Structure formats: structure tokens, C-alpha cells
Amino acid sequence: MDFANAYSWINIHFLLRGLWVTIYVSLISIALSFIIGLVLGTVRYTKIPILSKVVGFVVDIIRNLPLLLIIFFTYFGLPGIGLRVNAVVASIIALVVFESCMIAEIVRSGIGAVPSGQMEGARSNGMTYMQAMFYVVMPQALLKMIPTLLSQFVSLVKDTSLATIIILPELLYRAQIVYSQDTRYMIPMYLIIAVMYFIVCFCLSMVASYLQKRFDTKTD
Amino acid sequence: MWSLLVNNWQTFLIGFWNTIWCSILALVFSLIIGSGFAILETMPNKFWRGVARVYIEIFRNIPLLVIAMIFYLVIPQFWVKMNGFTAGTIGLTLYTSAFISETVRSGIQSVGDGQMEGARSNGMTYWQAMRYVILPQAFKIVIPPLGNQFVNLIKNSSVLAFVAGFDLMYQGDVIASTTFQTIPTYIIVGIFYLILTLPLSYYMQYLERK
Amino acid sequence: MRKLWKKLVVVAVLLTAAVSLSACESYGQEEKAKNDVYDQVKSSKTIIWGVRNDTRLFGLMDIKKDRLVGFDIDLAKAITKQMLGKDAKAELFQTSSKTKIPVLKNGNVDALMATVTITPDRKKEVSFSKPYFNAGQSLLVPAKSKVKSIKDLNKKGMVVVAVKGTTAVANIRKFAPKARVLEYDDYGQAFTALKAGQGQAMSTDNGILAGIAAENKGYHVVGGTFTHEPYGVAVDKGQTKMVHAINKALDELEKNGTYNRLMHKWFDGIPGFSIKEAER
């Protein structure tokens, strides 16, 4: 097989730039969807009349749809309402919309897992609901959520590969470009991108299991 | 949108059926494979634990789409030929089995060593204890997270569209590219997915709260 | 359990309401007059072109330079400058065979120059310029082959390789009914089969075959085209001003020699490929 030719510096360099696209799209999406997910999850938990119901409805619909559909809706749908989007922006929007709903659900059940006595205690000490939420309940909830959140982020990194369908120039897409120009490179290309994805995701997973272990020993 | 559904209902239904069939196949096989590796991971033998760890880490940290593409494009080049549906379903099964394995393992561990020791001291072998004491309790604990895995599995089955697997998403692509009504077609596809996933995930929420 | 059912029913009702509402809205949008693409590109001095990135000689990603190269790309740039002046910009938007029509219909791109064959079916959804490349089905054979045209293939024992699901397969059955057709998943596989001697010829669009011949020594295109399936620039349905402007620019580029120069730049020296036949 043509491993030596397939792994020429030109091809590797081309792939590495794809890896960079994968990483920065992931990082932006992780940051935004974490913040939005936190807000949505809290709103849903708090049971504000109407608002919580609306948020709950939207979150439930979106997180039960395949991400691929959300990507199509952003890429093909947004220009219909006058917003021209390129593949990078469309991918980020789609990932953020989908992942914030997934995270909202994690946050909601995370807050739910904090004993209600904590909230009551904080309130009886004169804190407002918001203060109690942010200073007492949320930190505990977040600590519990860390492993689940991180594995959701690993999923997000893997899910960026779905955006090849709208020609986001990320890793998988660039591999396909390389082997479409010379089909003998197909096997080497899949091999190397599998390794690249593995390294990135495995590092994140390691962080997750490290934090989980630290957290477990703390509570014991 | 109604006329789009009426004119293409057969195409949609074929896709809907293939998505259901693929999800059931992948669920059954990934439960078997996943539980198998979960048991390996909790075994006292270090070697088998290592094997299970490697399997799980590989399939958990590579995108499903890449796994499916490898089964569709790479494996047939030096092994068996397979069509898109088979390749996609195998990829989905292996990918999901890694997650199921993690879930079942945490279930087994939460049952606790005491149960195992108790069963062993009552004269059961390791496998008997696993089969009759540990696993039944473990599965009861992990049913809600397993249900969520199943919801994810149904959503993930949409990667079959990339490998010409004739699932719901693929059929949607076909209809969208022949009728040029992209957004309405995908809205219908979305509703079909929700019919499968929404009741399931509400039921899991209900179980969790119970 | 009853609460669960209630929740499901509520969600189903809400969902139906939301979908029917959005359906009404999108219907209303279609009624509304669309923006005039020509006015828009004229004021912004930019045309966004949907192009291919996987088709050799037409639109291909050059891995070394990380940019798109090909006849479609050059022609798109030339038309932009001819239409809007020297300082105008051609923005390239990569599409695949799956996304090209949707991104045009939804307004992500202003025009498509992406080896789009002008067909009656597509004409219902998009408007086409005059043809810019006379594509048609042709044959690729090894240099030593005795096959000179489609007629030579109409014999027992002749095998033609083609790609699944393309009109090429039906056309071979029509023009050379005695030959056997082997169908493969993509061009790469079909060509590998030809190289391995699985067939005497490979058949598809002359432009695609030229791309393969340009990369692989010892193979050439023969017999000219035996079907007529020209490529055209596609714009959204009803953008007549844009179509006229593109046609005018194409005519001017032909007159001042740019079109001919670009044809020669990309298709010169490809064994057996006739530029004359492909020119519009």
C-alpha cells in the first residue's frame, strides 16, 4: 500500500489544518453551549411560569432529533430568513443549538440531584433564591456533573465530523479530499484520521476520568 | 408539506422501517457485546480487564461516522463485501456497545462486592453469581441510562445516510434532491424521528423520577 | 403513567401547531417577491459562486496550495470581472453533488458553476444560462485499444465499465445493446476496474474522462461524444436579469478570446479529447 506517499508532508499538513478546524470549532461550540446550557437548564429547573415550560418544550424537541437534521436546518434554513451562513458559522450554530439542549438536560438533573435541604438552608440564612442557586446549589451540582459534561464535550468533538456533509473543511472532510484525488490513499487516510480523532478525544476522556476519580475520593 | 408526505409516503416509510430495524439490531447486539465487555472489565484478571479497556477506549473516542465509513469503504477492500445498511449497522453496534459497556460496568460496580462475596460463599461459581445475582440487579439500576443510550442510538442511526443505508435520513435526502423542497422534507423526517425518540425519552425521565 | 401520556399528547399538539405555523410562513415567503440577485451582486460587487471541489479540471481542491483550481473556477472569476468590472470579487463556495441545488435555492450562493448538466427536470427548479461546456457521454480506453468509437463496442463479449445510477448506463444499453455493462460505485472504482482489464472501455461525461486521462498516462478519450448533455451556469428560478447578464458576459468572453484561452489552458494535450467539440 502507498503509506509513504499517502503520508507526504503536503498531505499531512493539509490534514493538520483540518484538525485545527475541528479543534477550534469544537472549542467555540463547547464554550458557548456550556453557558447557554447552564442558563437553559437552570431556567427549566426553576419552574418560572410559562418560560420554563417553553424552554422545556424546545429543549426536549431539539435533543430528541439527530444532530445531522439540526445541521441541515441551520445550513439550508437560515439563508431562507435572510442570514447567509458559511459552513463554519452554520456548523458552530448547529452544534451550539444541539449541545446546549443536551447540556441543559444534564444541568437540570444535576441540580435536581443536590439535596433540597441545601437550598432551604441557604434561603433560611437570608439568601435570595438566585444567591442560593449560584453560591450554594450550583457549585455542588457542577461538581457532580463534571464527568457527564466532559463526556458530552467528547461527543461534541466527535460530532464535528458530521459537518463534512455541509463541507466544513475539518479532518474527515480533508481526508476525503485527499483520497478522492488518489483512491490508493483511502486506507492510509482513514487510519491516520482515526488516530488523530482518538488522540484528541482520548486526552479529553482522560481529563474526565481523572476529575471523576478526584471527585470520588473527595466525597468518600 | 402535506402533499409532499402524500406523494412520497412510500419512500418515507421504507426509511422509517429501515431506521427502526437498524436500531433494533444495533440495540440487541450492542447490549450483548457491551455487557460482555462490562463483565470482562470487572473481572479480577488483569489481562481481560486490559482487553476490555482497549476495546472501549477505541470505539468511544473515534467518531461514529469514521467507524461507519471504515466498515463501508475500507474493510470490503480486503475482507467481506457489505452493503451500506450492514456496514452502518455494524459501525453503530460497535460504537454503542462501548457506551453500553461503560453504563453496565458502573451498574455492576454499584451492586457492590459484598453481593458477589455473599453469593460465592453460598457455593455459587463466579459466573453463576454474575448471572443470577449481580447482573439482574445491575440492569435494574442502569435501565434509565440505558434508555438514554437507546435514544442516542436512534439519533445516531442517521449516519447510515452517509453510507447509502436507505434509512430515514437517506430517504429524506433522496426526496429533498428530487423535489427540491429541502426544508419541508427535513421537517417531516424530524417528525418521524421524534415519533421514535420522544416517547422513549419521556418514559426514561418518568422512570428516573420514580 | 397517566401524567406521561398527558405530557406526550400536549407535546404532540404543540408540535403540530408549530409545524403548521411554520408551513404557513414558508408558504407566505414563496409568495413574496424574491430579491433580485443581479441588483444585489451589482451593488456588492461580489458574486458568490457555488463550485465543485472534487472534479479534476473543473473544480478541484489543490492540496498543496489549499485552494480551488479548474476551468469552472477560472471561468467564474472571468465572468465576475466581465460583468461587474475589474475590482469585483468572485467568492467561491464549495458544494457537493448533494448540496449544490439546495444552496442555490435557499440563497446561500448567487450562481452555480459546478458541472451542472442542463436537464428538463432541473429547469423546473432553476434557470440556466446558455451552455458553457458541451459535455456528452464519451469513452475512455487504453492507448493500445482497437476501440475507436461506441460502434466498436456493440459486439458480443465487449464489456463497458460505468458508475451506478448514472444516465451513462442506460445510454450504453441504447447505443451498444450487445455490450455488457459493469456498474461500480464511483469513478475511482470504475477506473480501477478498467485498469485491471475488467472491461474494454469506461464510459461517462467527456469532461470527467478527460480528468482521468490527464492524470493517468496510457489512457485516452476516443470517439467523441455520442450524447448531448451540456453544462450550464444555474441561478435561482426567475432571476432573469442575472441569466441575461451571465449570457452577455459569456458572449463577451468568447469574443475577446478569454473563453478559448481558458479552454486551452485546462484541456490542451489530453489524449483524444476534442476541445472543438466541447466548446460552446
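Predicted model, so just to flag it, every value in this text is computed and none were measured.

So, how was this worked out
Residues numbered from 1 in each chain as written. Chains lettered and ligands numbered in written order. Predicted model: local features only at pLDDT ≥ 70, side-chain atom pairs only at ≥ 80, totals over all residues. Heavy atoms only, no water. Helix = DSSP H or I, 4+ residues; strand = E, 2+ residues; numbered from the N terminus. Buried < 20%, exposed > 50% of the residue type's maximum accessible area, 1.4 Å probe, protein only. Contact = heavy atoms within 4.5 Å. Areas by Shrake-Rupley, 256 points an atom, 1.4 Å probe, with all protein chains shown as cover. Lys, Arg positive; Asp, Glu negative; His and termini not counted. Charge placed at Lys NZ, Arg CZ, Asp CG, Glu CD. UniProt positions renumbered as here; feature names shortened; annotations may be inferred. Buried area = accessible area lost by both parts, 1.4 Å probe. Salt bridge = Lys/Arg side-chain N within 4 Å of Asp/Glu carboxyl O. Polar contact = N/O pair within 3.5 Å; in protein donor to acceptor, adjacent residues only side chain to side chain. Pairing = 2+ DSSP bridges. Patch = residues over 30% accessible without salt bridge, like charges linked within 9 Å, V, L, I, M, F, W, Y side chains within 5 Å. Axes fitted to C-alpha atoms, helices over the stretch in contact; angles between N-to-C directions. Parallel < 35°, antiparallel > 145°, perpendicular 65-115°, else oblique. Left-handed = near helix turned anticlockwise from the far one by under 90°. Nonpolar A, V, L, I, M, F, W, Y, C, P; charged D, E, K, R; others polar. Core = buried A, V, L, I, M, F, W, Y, C linked by side-chain atoms within 4.5 Å. Domains from an automatic or database assignment.

## What to know about the overall build of chain B
Step number 1: In terms of regular secondary structure, chain B is built from eight helices and zero strands.
Step number 2: What you see in chain B, going N to C, is helices and strands ordered as α-α-α-α-α-α-α-α.
Step number 3: Projected onto its principal axes, the C-alpha coordinates of chain B cover approximately 70 × 50 × 25 Å.
Step number 4: Considering chain B as a whole, with its 210 residues, one finds that 56% of them fall into the buried category.
Step number 5: Pairs at least 24 residues apart make up 74% of the contacts formed inside chain B by residues separated by at least 6 positions.
Step number 6: Element-wise, carbon and sulfur atoms account for 66% of the exposed surface of chain B, whose accessible area totals about 9,400 Å².
Step number 7: Taking the 12 positively charged and 8 negatively charged side chains of chain B as two groups, their mean positions are separated by 5 Å.

## Observations concerning the overall build of chain A
Step number 1: Of regular secondary structure, chain A possesses nine helices and zero strands.
Step number 2: The order of α-helices and β-strands along chain A, N terminus first, is α-α-α-α-α-α-α-α-α.
Step number 3: For the C-alpha atoms alone, the extent of chain A along its principal axes is close to 70 × 50 × 20 Å.
Step number 4: Taking all 220 residues of chain A together, the buried fraction comes to 55%.
Step number 5: Of the contacts formed within chain A by residues at least 6 apart in sequence, a portion of 75% connects residues at least 24 apart.
Step number 6: For chain A, the centre of its 15 positive side-chain charges and the centre of its 10 negative side-chain charges are spaced 7 Å apart.

## Structural notes on the side chain of glutamate 41 of chain B
Residue and element names in this part refer to chain B.
Step number 1: Residue placement: glutamate 41 occurs in helix α1 (residues 2-41).
Step number 2: Residue classification places glutamate 41 among the buried residues on the basis of a relative accessible area of 9%.
Step number 3: Excluding residues that lie within four positions of it along the chain, glutamate 41 makes contacts with Arg49, Ala52, Arg53, Ile56, Ser101, Glu102 and Arg105.

## Things to note about the UniProt feature "transmembrane region" (unreviewed entry) in chain A
Residue and element names in this part refer to chain A.
Step number 1: The feature "transmembrane region" (unreviewed entry), as given by UniProt, occupies residues 20-42, 54-76, 128-147 and 185-211 in the numbering adopted here.
Step number 2: For residues 54-76, the end-to-end C-alpha separation is 25 Å, with 87% helix and 0% strand making up the annotated structure.
Step number 3: Within the segment residues 185-211, helix and strand shares are 96% and 0% respectively, and the terminal C-alpha atoms sit 39 Å apart.

## Observations concerning the interface of chain B and chain C
Step number 1: Between chain B and chain C, the contact holds 16 residues from the first and 15 residues from the second.
Step number 2: On the chain B side of the interface with chain C, the three residues burying the most area are Phe180, Tyr202 and Tyr206 of chain B, jointly 43% of the side's total.
Step number 3: One can count zero salt bridges joining chain B with chain C.
Step number 4: The tally of links from chain B across to chain C stands at one residue pair in polar contact (both at pLDDT 80 or more).
Step number 5: No other element matches helix α8 (residues 182-209) of chain B, which puts eleven residues into the side of chain B that touches chain C.

## Details of the UniProt feature "transmembrane region" (unreviewed entry) in chain B
Step number 1: Under the present numbering, the feature "transmembrane region" (unreviewed entry) in UniProt falls on residues 12-40, 61-79 and 183-204 of chain B.
Step number 2: This span, residues 183-204 of chain B, is 100% helix and 0% strand, and a straight line between its end C-alpha atoms measures 30 Å.

## A look at the UniProt feature "domain: ABC transmembrane type-1" (unreviewed entry) in chain A
Step number 1: Sequence positions flagged by UniProt for "domain: ABC transmembrane type-1" (unreviewed entry) are, in local numbering, residues 19-208 of chain A.
Step number 2: Between the first and last C-alpha atoms of residues 19-208 of chain A the distance is 21 Å; the span itself is 81% helix and 0% strand.

## Remarks on unusual backbone geometry
Step number 1: If you check the backbone angles, isoleucine 50 of chain A has positive phi at about 60° while not being a glycine.
Step number 2: If you trace the backbone, isoleucine 50 of chain A turns up in the loop between α2 (9-46) and α3 (51-63).

## Here's the deal with the pairing of strand β1 (residues 46-51) of chain C
All names here are of chain C.
Step number 1: Counting buried positions along β1 yields six of six residues, so the element is predominantly enclosed.
Step number 2: On β1, burial covers both faces: Thr46, Ile48 and Gly50 on one face and Ile47, Trp49 and Val51 on the other are all buried.
Step number 3: Bridging between β1 and strand β5 (residues 89-94) involves six bridges; their strand directions are parallel. Residue pairing for β5: tryptophan 49 is matched across the bridge by leucine 92.
Step number 4: Two elements, β1 and strand β6 (residues 111-112), share two bridges in a ladder whose sense is parallel. Among the inter-strand pairings, glycine 50 is bridged to a residue of β6, identified as leucine 112.

## Describing a nonpolar patch on the surface
Residue and element names in this part refer to chain B.
Step number 1: Taken together, the side chains of Trp17, Trp21, Ile24, Val28, Phe29 and Ile32 present a nonpolar region at the surface, about 610 Å² in accessible area.
Step number 2: With respect to the helices, strands and loops of the structure, valine 28 is situated in helix α1.
Step number 3: With a relative accessible area of 39%, valine 28 lands in the partly exposed category.

## Description of the interface of chain A and chain B
Step number 1: On the side of chain B, 38 residues touch chain A, which itself brings 36 residues to the contact.
Step number 2: A combined buried area of about 3,100 Å² lies between chain A and chain B, and 71% of that area is made up of carbon and sulfur atoms.
Step number 3: In terms of surface lost to chain B, no three residues of chain A exceed Asn64, Lys158 and Tyr190 of chain A, which account for 19% of the buried area on that side.
Step number 4: Across the contact surface, chain A and chain B share eight residue pairs in polar contact (both at pLDDT 80 or more).
Step number 5: Among the elements of the structure, α3, α4 (67-77), α5 (87-113), α7 (129-159), α8 (171-181) and α9 (186-219) of chain A are those that each provide at least two residues to the side of chain A that touches chain B.
Step number 6: The element best represented in the side of chain A that touches chain B is α9 of chain A, accounting for ten residues.

## Considering the environment of alanine 138 of chain B
Residue and element names in this part refer to chain B.
Step number 1: With respect to the helices and strands, alanine 138 occurs in helix α6 (residues 126-156).
Step number 2: For alanine 138, a relative accessible area of 1% puts it in the buried group.
Step number 3: On a C-alpha basis, the gap between alanine 138 and serine 110 in space is 7.5 Å, while along the polypeptide they are 28 residues apart.
Step number 4: For alanine 138, the contacting residues outside a window of four places in its chain are Gly107, Ile108 and Val111.

## Structural notes on the packing of α1 of chain B against α6 of chain B
All names here are of chain B.
Step number 1: Their axes nearest at 10 Å, the elements α1 and α6 cross at an angle of 135°. Regarding the angle of α1 to α6, the classification is oblique. Every pair of crossing elements has a handedness; the one defined by α1 and α6 is right-handed. Residues Ser23, Ala26, Leu27, Ser30, Leu31, Ser35 and Ile39 of α1 form the contact with α6, whose own contacting residues are Tyr126, Trp127, Met130, Leu135, Phe139, Leu146, Phe150, Leu153 and Ile154.
Step number 2: Grouping the amino acids of the contact of α1 with α6 by side-chain chemistry returns 13 nonpolar, three polar and no charged.

## Some details on the sheet that holds strand β9 (residues 159-163) of chain C
Residue and element names in this part refer to chain C.
Step number 1: With mixed pairing, five strands are arranged side by side in an open sheet as β10-β9-β11-β8-β12. Each end of this open sheet is capped by a strand with a single partner; those strands are β10 (180-184) and β12 (219-222). When strand polarity is set aside, the average angle formed by the axes of neighbouring strands in this sheet is 35°.
Step number 2: Two strands pair when backbone bridges link them, and strand β8 (residues 137-142) and strand β11 (residues 201-205) are joined in this way by four bridges, in the antiparallel orientation. Counterpart to glutamine 137 in the pairing with β11 is aspartate 205.
Step number 3: Running over the sheet, helix α8 (residues 206-215) touches β8, β11 and β12 and is turned about 125° from β11.

## Describing the nonpolar core
Step number 1: With 228 residues, the main nonpolar core has Tyr190 of chain A together with Phe71, Phe133 and Phe267 of chain C as its most contacted residues.
Step number 2: Top contributing element to this core by residue count: α5 of chain A, with 14 residues.
Step number 3: Lining this core are residues from two domains, each supplying at least three of them: domain 1 (37-135 + 230-278) and domain 2 (137-222) of chain C.
Step number 4: Apart from residues lying up to four places away in sequence, phenylalanine 267 of chain C is in contact with Leu57, Phe58, Phe71, Phe133, Phe273 and Ile275 of chain C.
Step number 5: Listed in part, the 16 residues of the second largest apolar core include Leu153, Val160, Val169 and Ala179 of chain C.

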